[in-house]
Amino acid sequence: MTASSHDPGQIALPEIALLQAHAARLQTLALRDLLGDDPDRSAHLSLDAGPIHADFARQRIDSAVLRDLEAWAMHCGFERSRDDLFSGRIVNPTERRPALHTVLRGVGGDPDLAAAVALERRRMAELANRLRSGALPGFRGRPISTLVCIGIGGSDLGPRLVCDALTSEGDFDVRFVANVDPDDLERELRGLDAATTAFAVISKTFTTRETLANAAAARAWLLAGGCPQTSLAGQFIGITAAPEAARRWGISDALMLTFWEGVGGRYSLWSSVGFGVAVACSVEAFDALLDGAALVDRHFRDAPLAENLPARIGLISVWNRSFLGLSSQAVVPYAERLRLLPAWLQQLVMESNGNSAAIAGGTVALKTSPVIWGTSGTNAQHSYFQQLHQGPDIVPVDFIVARRSRANALGADDDRHRILVANCLAQSAALAIGKTSDDPHRFFPGNRPSSMLIIPQLDAQALGALLACYEHATFTAAVVLGINPFDQFGVELGKVLAGEVESLLAGGAGSGLDATTHALANRLR
Ligand code: F6P
């Protein structure tokens with residue numbers, strides 16, 4: 001690490017050196033021994049926040065590591081940064097914006113903003129209830145019965161995840177389209193009647209190429225399905241922080257829901273971006289989601305660092321990535337309803353912390369975000385767990401499991417939830433403890449870290465709490481790394497080039513593009 005290039009390194013070099021020394025020490029200690037030496041390790045290394053219980057006993061940490069991670073966080077101004085977040089001060093300096101996601105959950109912010117949030121929430125609830133009760137007619141006067149949400153990234157992943165996690169048979173039909181690949185919209189529209197289908201175009205900026213192209217295709221589909229030009233606006237709901245742009249596109253004020261510039265795209269589920277959740281699952285479920293998140297907000301705001309669950313998750317992620325050198329992190333929910341959680345987390349963590357520019361200038365010398373990936377268990381066990389147990393790289397895992405199943409389809413004789421839980425616990429133990437054998441094929445090295453996150457049941461409140469927990473963990477990691485988790489300049493270059501390639505494919509000169517792009521475009525034209 002070069003002292004000149006890393007802000008936390010400059011202000012907290014002794015803490016970093018101490019943590020590097022701990023990392024060297026921990027490399028020589030086996031989790032098997034740490035766990036065996038202390039039967040109370042789980043009790044010492046567990047924390048609770050709202051409905052979440054998290055056990056970090058199987059992480060490669062000890063009390064000295066935690067103490068010095070926390071000291072480092074304090075040195076990096078954790079408490080001041082946390083205050084700034086909740087008080088609505090600028091925490092996104094490159095874009096001169098606050099981060100208002102907790103205000104959407106009723107925690108922090110000023111009273112004027114809170115009142116504006118409440119007003120917009122009421123408008124959203126009214127519209128959702130009109131749809132749910134069949135009081136929003138389509139162009140032939142019949143009630144709208146399907147809502148197709150068009151958006152991408154933060155304007156898609158959160159509501160899609162929550163709907164997938166919480167909807168049940170008989171709920172209002174809400175579908176999601178993100179990909180500009182025509183197959184995505186085509187598949188979701190298959191079998192639908194234009195006269196009873198409405199679209200929600202969700203885009204913070206209302207400039208995103210993919211979303212606007214899909215929205216235009218939806219408009220064409222409605223026209224082809226018999227919708228008169230003059231009735232089009234009645235089939236489109238717009239959700240945006242740029243109402244002028246949405247109006248220009250054709251969204252009517254009556255069907256426009258807004259949110260604020262200071263709500264980051266990947267933190268926007270809690271705004272009217274979550275409209276699809278209120279329509280599919282109910283306004284009450286959306287409120288419960290926010291309540292769960294607010295429980296964790298208050299915990300994160302008020303709990304001291306040593307008892308602060310999201311902060312602990314964030315610090316351990318930095319410990320694994322930046323000190324133990326583990327470059328990826330798997331998230332494996334043992335809950336099919338959470339199968340989309342890894343995709344949401346990928347954007348949250350990697351778009352937030354996947355950068356190396358220090359807020360204070362220069363580059364961060366520590367490694368920043370891990371690669372986040374994962375799928376639901378137990379399916380994952382029959383896919384890539386082989387490599388997690390015996391592969392060359394150590395991948396820390398976040399296991400997530402619910403005490404009770406939502407669907408107890410077959411009553412007391414149904415042992416599938418027990419099988420699910422048993423596998424989750426067994427995998428975590430096997431990764432940590434391993435198995436000795438003289439036969440290298442049957443040898444399990446163990447010492448592979450994981451956290452266990454337990455919720456009582458997968459309901460809206462627990463889900464809100466879980467998501468907020470990861471949001472604050474991501475924020476904490478950014479604070480100690482000295483980076484801005486609320487901008488995403490890394491997505492810009494590709495977007496600009498895509499515009500140029502698009503004109504090249506349409507017959508333009510593509511003069512600014514390189515020879516390989518020209519060759520590939522020729523092949524694809
Ligand atoms: O490309 C990244 C991004 O800007 C995300 O941050 C955002 O969630 C997504 O695109 C969609 O943006 P918008 O909501 O403005 O359409």
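Residues numbered from 1 in each chain as written. Predicted model: local features only at pLDDT ≥ 70, side-chain atom pairs only at ≥ 80, totals over all residues. Heavy atoms only, no water.

Helix and strand counts for the protein chain stand at 19 helices and 11 strands. In terms of C-alpha radius of gyration, the protein chain reaches 24 Å, essentially the compact-globule figure of 24 Å for 525 residues. Each of the three principal axes of the protein chain carries a C-alpha extent, and together these read 75 × 65 × 55 Å. Residue pairs at least 24 apart in sequence account for 75% of intrachain contacts in the protein chain once pairs closer than 6 positions are excluded. Of the roughly 22,000 Å² that the protein chain leaves accessible, carbon and sulfur atoms contribute 54%. (Helix = DSSP H or I, 4+ residues; strand = E, 2+ residues; numbered from the N terminus. Rg over C-alpha atoms; globule rule 2.2 N^0.38 Å. Contact = heavy atoms within 4.5 Å. Areas by Shrake-Rupley, 256 points an atom, 1.4 Å probe, with all protein chains shown as cover.)

Tracing the backbone through its elements, the reader meets Pro-143 in the loop between helix H6 (111–132) and strand E3 (146–150). Sequence separation between Pro-143 and Leu-131 is 12 residues; the distance between their C-alpha atoms is 7.9 Å. Excluding anything up to four places from it in sequence, Pro-143 contacts Gly-134, Leu-136, Pro-137 and Thr-196.

Next up on the list: the site of the ligand. Neighbouring the ligand are 14 residues; Ser-155, Ser-203, Thr-205, Thr-208 and Glu-351 lie closest to it. Contacts to the ligand include Thr-205, whose side-chain N or O atom sits 2.6 Å from an oxygen atom. Coverage of the ligand by the protein amounts to 87% of the 390 Å² it exposes when considered alone. (Near = heavy atom within 4 Å. Polar contact = N/O pair within 3.5 Å; in protein donor to acceptor, adjacent residues only side chain to side chain.)

So, about helix H8 (residues 182–189). For H8, the set of buried residues is Asp-184, Leu-185 and Leu-189. Relative to the axis of H8, the buried residues are bounded by an arc of 120 degrees and lie together on one face. For H8, the exposed residues set more than 90 degrees away from the buried face come down to Pro-182 and Arg-187. Structurally, H8 contributes buried residues whose contacts are with E3, strand E4 (173–177), strand E5 (197–202) and helix H9 (209–224). (Buried < 20%, exposed > 50% of the residue type's maximum accessible area, 1.4 Å probe, protein only. Arc of directions from axis to C-beta.)

Hydrogen bonds along the backbone pair up the strands of a sheet, which may run parallel or antiparallel. If you trace the five strands from one edge of the open sheet to the other, you get E4-E3-E5-E6-E7, paired in parallel fashion. The outermost strands of the open sheet, each flanked by one partner alone, are E4 and strand E7 (256–258). If you compare each strand with its neighbour and ignore which way they point, the axes differ by 20 degrees on average. The sheet strands contacting H6 are E3, strand E6 (236–240) and E7, and the helix crosses E7 at an angle near 145 degrees. Along the sheet, H9 contacts E3, E4, E5 and E6; its crossing angle with E5, the most-contacted strand, is approximately 165 degrees. (Pairing = 2+ DSSP bridges. Axes fitted to C-alpha atoms, helices over the stretch in contact; angles between N-to-C directions.)

Once the charged atoms of two side chains with opposite charge are near each other, the side chains can pair. According to the stated counting rule, one finds 21 salt bridges in the structure shown. For the salt bridge of Arg-67 with Asp-68, the shortest nitrogen-to-oxygen distance reads 3.1 Å. Owing to a relative accessible area of 52%, Arg-67 belongs among the exposed residues under this scheme. A salt bridge links Arg-175 to Asp-173; its shortest N-O distance comes to 2.9 Å. (Salt bridge = Lys/Arg side-chain N within 4 Å of Asp/Glu carboxyl O.)

Turning next to the packing of helix H12 (residues 283–302) against helix H13 (residues 309–323). The contact between H12 and H13 brings their axes to 8 Å, and the two run at 75 degrees. Judged by the inter-axis angle, H12 sits roughly perpendicular to H13. From H12, Val-296, His-299 and Phe-300 reach across to H13, where they touch Leu-309, Pro-310 and Ala-311. Residues that form the contact of H12 with H13 fall into these classes: five nonpolar, one polar and no charged. (Parallel < 35°, antiparallel > 145°, perpendicular 65-115°, else oblique. Nonpolar A, V, L, I, M, F, W, Y, C, P; charged D, E, K, R; others polar.)

As assigned here, the protein chain comprises domain 1 (14–75 + 303–487), domain 2 (101–286) and domain 3 (490–524). One C-alpha centre belongs to domain 2, the other to domain 3; they are set 32 Å apart. (Domains from an automatic or database assignment.)

Moving on: the nonpolar core. Ranked by internal contacts, the top residues of the largest apolar core, which has 124 residues, are Trp-72, Leu-147, Phe-275, Trp-319, Leu-338, Leu-341 and Tyr-470. Broken down by element, this core gets its largest block of residues, 16 residues, from helix H17 (residues 460–481). Shared between two domains, this core takes at least three residues from each, and those domains are domain 1 (14–75 + 303–487) and domain 2 (101–286). (Core = buried A, V, L, I, M, F, W, Y, C linked by side-chain atoms within 4.5 Å.)

The six strands are arranged E1-E2-E11-E10-E8-E9 in an open sheet whose pairing can be described as mixed. Single-partner strands in this sheet number two, and they are strand E1 (46–49) and strand E9 (371–373). Across the sheet, the axes of successive neighbouring strands diverge by a mean angle of 20 degrees, strand direction being ignored. Summarising the sheet, E1 and strand E2 (residues 52–55) pair through four bridges and their orientation is antiparallel. Following the sheet pairing, Asp-48 is matched in E2 by His-53. In the packing of H17 onto the sheet, the strands contacted are E2, strand E8 (328–334), strand E10 (397–404) and strand E11 (450–457), and the crossing angle to E11 comes to about 155 degrees.

A word on the packing of helix H18 (residues 492–505) against helix H19 (residues 515–524). Relative to each other, H18 and H19 sit at 45 degrees, their axes nearing to 10 Å. Classed by the angle they form, the pair H18 and H19 counts as oblique. Two packed elements cross with a definite hand, and for H18 against H19 that hand is right-handed. Contact residues: H18 offers Val-501, Leu-504 and Leu-505, while H19 offers Thr-517, His-518 and Ala-521. (Left-handed = near helix turned anticlockwise from the far one by under 90°.)

In this section: the pairing of E3. With five of five residues buried, E3 lies mostly within the body of the structure. Here E3 shows two buried faces, one formed by Thr-146, Val-148 and Ile-150 and the other by Leu-147 and Cys-149. Where E3 lies against E4, five bridges are found, and the strand directions are parallel. By the bridge assignment, Val-148 is partnered in E4 with Arg-175. Each parallel crossover has a hand, and the one from E3 via helix H7 (residues 157–166) to E4 is right-handed. (Right-handed = clockwise from strand over helix to strand, strands pointing away.)

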